[in-house]
Amino acid sequence: MTEHYYQPDIECASREQIKKWQSERLVKQVRHVYEHVPYYRKMMEEKQVTPDDIQSVEDLHKLPFITKDDLRDAYPYGLLAKPLKDCVRIQSTSGTTGRRVVAFYTQHDLDLWDDCCARAIMAAGGTNEDVVHVCYGYGLFTGGPGLNGGSHKVGSLTLPMSSGNTDRQIQFMCDLGSTILCCTPSYAAYLGESINERGLKDQIKLKAGIFGAEAWTEEMRRDIEKSLGIKAYDIYGLTEISGPGVAFECSEQTGMHINEDHFIAEIIDPNTGEVLPEGEKGELVFTSITKEAFPLLRYRTRDICVLSREKCSCGRTHVKMSKPMGRSDDMLIVKGVNVFPSQIETVLLNKGYAANYQIIVDRVNNSDTIEVQVEMTPEMFSDSLGRMEEREKELVGALKAMLGIYAKVKLVAPKSIERSEGKAKRVVDKRHLY
Ligand code: DLL
């Protein structure tokens, strides 16, 4: 363990100790929501569960699930478990359809959230000597405020850049010697591209990046690490459960440690709701056991992952989640076949393309079609027409091998796919428009 280690008594606690904390906190939390949130009480009554039925973490499965639909139903105040006068902050999801989800925080909730993000920064090697450059969006999105709070706790010099204005980002990075970059992986890739184009790679001092908020592959990690000359760490979280920092990578980078003193994780079968044994792939469900204002019990995230308790060389004992392999609700079903955008990304990056692509799904004559538009690198762009056709054919073959279906491939000019400053829009599903 390095001297930058944050809370070893908690992060390296024994399994028994973690279970003990979880049980005590869960029992208290269930009582808290039962007494203060009529929406929850009704759900529990419908399932014929009372707080007395929950004596330890082993009883968690008796509680009903809560979903995004419930959050929308109860919008805006229906799940609030503390009087408004005790709340100091609201954050909200970036959802573009339906009602937004709003989450409330007391000062205590903000402190715990900052702790979680501080652990993530420390795990990426951050100390009070670092300059943490935060270009996640600030405002209602949790990315900026979360990493900002974590960075303050670590004692790092924090640059609250927010997203956008790439020239200014790069200038600050050079002038102030930013050492840790926090943004979405797609924006990190764009920053890498822009820094290299300007010939400024020698002038940046970045050593690590903490990237999350959207799915990204190992191939993309390698590309970003190469273009920025850093080690890239994954961070996971969601507004409903607090924001970034629910889980984070350590130096071993074989999954993200979930902050189990605050969140209990389960994996369920997304179709039946049955709890799956550890190591099986399914939908991640979280119970927040320390939050006061907006505590969710058994919240279905829709993220598909695997949990692992294999011993980690970093010394942390908290369970690890895999990178989300997709969302049960952004998994595409094309011609009856399940397609995850991450599968397509893996093929593209393995074939030497950058992660600048868009997947267009449509329905023509009652049949699904899928087209992948992929940017060529500047070197490929000068290839002959024949060579480009060969490249397209090659990609069609590789995608067929990965997905099991035909996907049309269209190579497009460098820089023709819009870059994202936040979460990238990878999929355009035109079938929803009819
Ligand atoms: O994206 C919080 C966040 C901000 C996480 C900054 C990490 C860094 P939401 O906007 O509510 O919150 O979106 C949550 O984003 O359910 C996942 O589907 C996805 N997601 C978040 N982190 C990752 C990640 C923030 N590391 C939703 N890998 C989640 C893959 C991620 N997907």
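Within each chain, residues carry numbers counting from 1 in the order of the written sequence. A pLDDT threshold of at least 70 governs which residues receive local features in this predicted model, and a stricter bar of 80 or more applies before side-chain atom pairs are shown or counted, although totals over entire chains, interfaces and linings include all residues. Excluding hydrogens and water, the side-chain values take into account all heavy atoms of the structure.

A. Just the site of the ligand, in detail. Throughout, near means a residue has at least one heavy atom within 4 Å of the molecule or strand. Near the ligand lie 21 residues; those nearest to it are Asp-234, Ile-235, Thr-239, Asp-303 and Lys-423. A 3.5 Å cut-off defines polar contacts: any pair of N or O atoms within that distance qualifies, except that in protein one atom must be a possible hydrogen donor and the other a possible acceptor, and neighbouring residues in sequence count only when both atoms are side-chain atoms. Here a nitrogen atom of the ligand and a backbone polar atom of Glu-214 are 3.2 Å apart. In this structure, Ile-235 approaches the ligand through a main-chain N or O atom, which is 2.7 Å from a nitrogen atom. Strands here mean DSSP runs of E at least two residues long; helices mean DSSP runs of H or I at least four residues long; both are numbered from the N terminus. For the shell around the ligand, the element with the highest residue contribution is strand S7 (residues 231-238), accounting for 5 residues. Here the term charged refers only to Asp, Glu, Lys and Arg, the term nonpolar to Ala, Val, Leu, Ile, Met, Phe, Trp, Tyr, Cys and Pro, and the term polar to all other amino acids, Gly among them. By residue class, the composition of the shell around the ligand is 9 nonpolar, 6 polar and 6 charged.

B. Layout of the sheet that holds strand S12 (residues 299-305). Strand order in the open sheet formed by 3 strands is S10-S11-S12, with antiparallel pairing between adjacent strands. With partners counted over all chains shown, the strands left at the sheet margins are strand S10 (263-268) and S12, one partner each. Adjacent strand axes in the sheet meet at a mean angle of 30°, parallel and antiparallel pairs treated alike. Between any two strands, pairing holds if DSSP finds at least two bridges. For strand S11 (residues 282-288) and S12, the ladder comprises 4 bridges, and the chain directions are antiparallel. Comment: axis = line fitted to C-alpha atoms, over the contacting stretch for helices; angle = value between 0 and 180 degrees taken between N-to-C directions.

C. The domain arrangement of the protein, seen in detail. Note that the domain bounds reflect an automated or database-derived domain assignment. Domain assignment breaks the protein into domain 1 (1-328) and domain 2 (332-429). Spacing between the C-alpha centres of domain 1 and domain 2 amounts to 30 Å. Here, residues are in contact when the closest pair of their heavy atoms is within 4.5 Å. At the junction of the two partners, domain 1 supplies 22 residues and domain 2 supplies 18 residues. Here the buried area means the combined drop in accessible surface, using a 1.4 Å probe, for two parts upon being joined, counting both sides. Of the roughly 1,500 Å² buried at the junction of domain 1 and domain 2 (both faces included), carbon and sulfur atoms supply 52%. One speaks of a salt bridge when a side-chain nitrogen belonging to Lys or Arg is within 4 Å of a carboxyl oxygen belonging to Asp or Glu. Connecting domain 1 to domain 2 are 3 salt bridges. Here Lys-415 and Glu-197 are joined by a salt bridge, their closest N and O atoms 2.6 Å apart. Summed over the shared surface of domain 1 and domain 2, the number is 9 residue pairs in polar contact (both at pLDDT 80 or more). Residue assignment for the side of domain 1 that touches domain 2 shows that the elements contributing at least two residues are helix H8 (185-197) and helix H9 (218-228).

D. Highlighting empty space enclosed by the protein. Only protein atoms enter the calculation, which uses a 1 Å grid: trapped sets of points that fit a 1.4 Å probe without letting it out are cavities, open sets showing protein on both sides within 12 Å along at least five of seven lines are pockets, and any residue with an atom within 4 Å of a point is a lining residue. Grid points are joined across faces, edges and corners, and a volume is the space filled by probe spheres set on the points. Overall, the coordinates contain 2 cavities of 30 Å³ or more when judged by the stated rule. Looking at the largest cavity, the residues that line it are Tyr-105, Asp-109, Leu-112, Trp-113, Cys-116, Ser-242, His-262, Phe-263, Thr-290 and Lys-291. Among the elements that line the lining of the largest cavity, the one with the most residues is helix H5 (residues 107-123), at 4 residues. Counted by class, the lining of the largest cavity contains 5 nonpolar, 3 polar and 2 charged residues. Its volume calculated, the second largest cavity comes out at about 50 Å³. Taken together, Leu-71, Ala-74, Tyr-75, Pro-76, Gly-78, Leu-79, Arg-100, Val-101, Val-102 and Phe-294 make up the lining of the second largest cavity.

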